[in-house]
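Structural description and commentary
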Amino acid sequence: MQREAIWSLVLLVLLVLGAFVGSILRTKLPAPHRGNETMDFLRVVTALLVTFAALVMSLLLASELNAFTAASHDRNRYAAGLAEMDGCLKNYGSALDNERQLLRSYTAAVIASTWPDEAPPQGEKYPDISDLPLTGEAPALGSMLNNVGLNIDRLQPADPLHQALATRCSQLFSNVMAARWTVIEDAHGSLSAPFLGVLIFWLMLVFLSFGLQAPKNPLAGAIVLVAIVSVASVMFVILDLDLPYGGFFGISSTSMRHTLTDMQRN
């Protein structure tokens, strides 16, 4: 089960437990502790906790959404860079045909390893990706791309046109390598388990206070349950956006597949 599903389920159970414990405590407390003054004071403290928790979760959601959008743009720029480099290799001529084939194999391997649950690319041979990590650096793929760059550096252009093309291809290769590392770093989540644990503890306190205040009737119970599901769903979205590849909101492979198709057509 994915991380976001586990944490969201844990949060759901703990919030239900917190609200239930609060409801039980209300019946066990002596009458003086359930007076209007005490309840009014509890409402003030609860409002403070709710405001604080809502502010933290809204900032988290905005931050994760911005990071996800940036990661999606980085992937699109990476795909565009690969297509542009393939065009430069093509313009240079037959001397770089092997490098174009290697670049196509690399692109197909990236698609297959990054989106293993989707249909693998067709029409290209690429290394076995079963042992490659889903996130982080894959040395085997990095070596393929590095070989393309080394072969570009070995070129000995015979005329000014090919000299200019060799220089351009070398620059495009540098851009692709930089984009590759950006994409690799984008795949790592930024939320830590201790922080999530503290946030869940705050939310438990909020729903514990809800249980202390809510009247004992089905409508009040349904309202608390809807609030719990809503908070758990927000947590699910935050955690899913934190890891941009895979999950419900994962970055699409469309741009990379379009790049591979363009490479094959040309």
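Residues numbered from 1 in each chain as written. Predicted model: local features only at pLDDT ≥ 70, side-chain atom pairs only at ≥ 80, totals over all residues. Heavy atoms only, no water.

In the nomenclature of an unreviewed UniProt entry, the protein chain corresponds to DUF4239 domain-containing protein from the organism Rhizobium tropici.

**Topic: the UniProt feature "transmembrane region" (unreviewed entry) in the protein chain**
What counts, and what does not: UniProt positions are given in the numbering used here, feature names are shortened, and annotations may be inferred rather than shown by experiment. Strands here are runs of E lasting at least two residues and helices are runs of H or I lasting at least four, both read from the DSSP assignment and numbered beginning at the N terminus.
Under the UniProt annotation, "transmembrane region" (unreviewed entry) lies at residues 6-29, 41-62, 191-212 and 219-239. In the segment residues 6-29, helix accounts for 96% and strand for 0%; the C-alpha atoms at its two ends are 34 Å apart. Within residues 219-239, the helical portion is 100% and the strand portion 0%, while the C-alpha atoms at the span's ends are 30 Å from each other.

**As for the nonpolar core**
Formally: By nonpolar core we mean a set of buried residues, namely Ala, Val, Leu, Ile, Met, Phe, Trp, Tyr and Cys, connected to one another through side-chain atoms within 4.5 Å. Partly exposed residues are those whose accessible area sits between 20% and 50% of the maximum for their type, while under 20% is buried and over 50% is exposed, using a 1.4 Å probe and protein chains only. Contact between two residues is taken to exist if any of their heavy atoms lie within 4.5 Å; hydrogens are not considered.
Counting residues in hydrophobic clusters, the biggest one holds 40 residues, and the most contacted among them are Tyr78, Leu82, Met85, Tyr106, Leu141, Leu145 and Met256. Elements represented by at least two residues in this core include exactly helix H2 (36-92), helix H3 (97-114), helix H4 (139-153), helix H5 (160-186) and helix H8 (254-265). Tallying contributions element by element places H2 first for this core, with 9 residues. Setting aside chain neighbours within four positions, we find Tyr106 in contact with Tyr78, Leu82, Leu141, Met144, Leu145 and Arg180.

**Thoughts on the environment of Pro32**
With respect to the helices and strands, Pro32 occurs in the loop between helix H1 (3-28) and H2. For Pro32, a relative accessible area of 63% translates into the label exposed. Taking the C-alpha atoms as reference points, Pro32 and Ala222, 190 residues apart in sequence, are found 28 Å from one another.

**Topic: the packing of aromatic side chains**
Keep this limit in mind: Two rings from Phe, Tyr or Trp (for Trp, the six-membered ring) form a pair when their centres are within 6.5 Å of each other. A pair whose planes differ by under 30 degrees is stacked, one over 60 is edge-to-face, and the rest are tilted. Consider the ring centre and the ring normal. A charge sits over the ring if Lys NZ or Arg CZ is within 6 Å of that centre and within 35 degrees of that normal.
Evaluated as defined, the whole model comprises 4 aromatic pairs. The interplanar angle of 80° and the centroid separation of 5.1 Å between the aromatic rings of Phe207 and Phe210 together place this pair among those described as edge-to-face. Residue Phe207 and its partner Phe210 are located together in helix H6 (residues 193-213), separated by 3 residues, close to a single helical turn. With relative accessibility at 26%, the residue Phe210 sits in the partly exposed group. Taking NZ or CZ as reference, Arg180 lies 5.6 Å from the ring centre of Trp181, over its face.

**Side note on empty space enclosed by the protein**
The criterion, for reference: Here a cavity is any set of points on a 1 Å grid over the protein atoms alone where a 1.4 Å probe fits but cannot get out, and a pocket is any open set with protein on both sides within 12 Å along at least 5 of 7 lines; a residue lines the site when it has an atom within 4 Å of a point. Grid points are joined across faces, edges and corners, and a volume is the space filled by probe spheres set on the points. As a working rule, the residues Ala, Val, Leu, Ile, Met, Phe, Trp, Tyr, Cys and Pro are called nonpolar, Asp, Glu, Lys and Arg charged, and the rest polar, with Gly in that last group.
In the structure shown here, the tally under the stated rule is 1 cavity of 30 Å³ or more. There is about 260 Å³ of room inside the largest cavity. Along the walls of the largest cavity sit 17 residues, with Arg75, Val110, Thr114, Gly136 and Ile184 positioned nearest its centre. Elements with a minimum of two residues in the lining of the largest cavity: H2, H3 and H5. No other element matches H3, which puts 4 residues into the lining of the largest cavity. Looking at the lining of the largest cavity residue by residue, the classes come out as 11 nonpolar, 4 polar and 2 charged.

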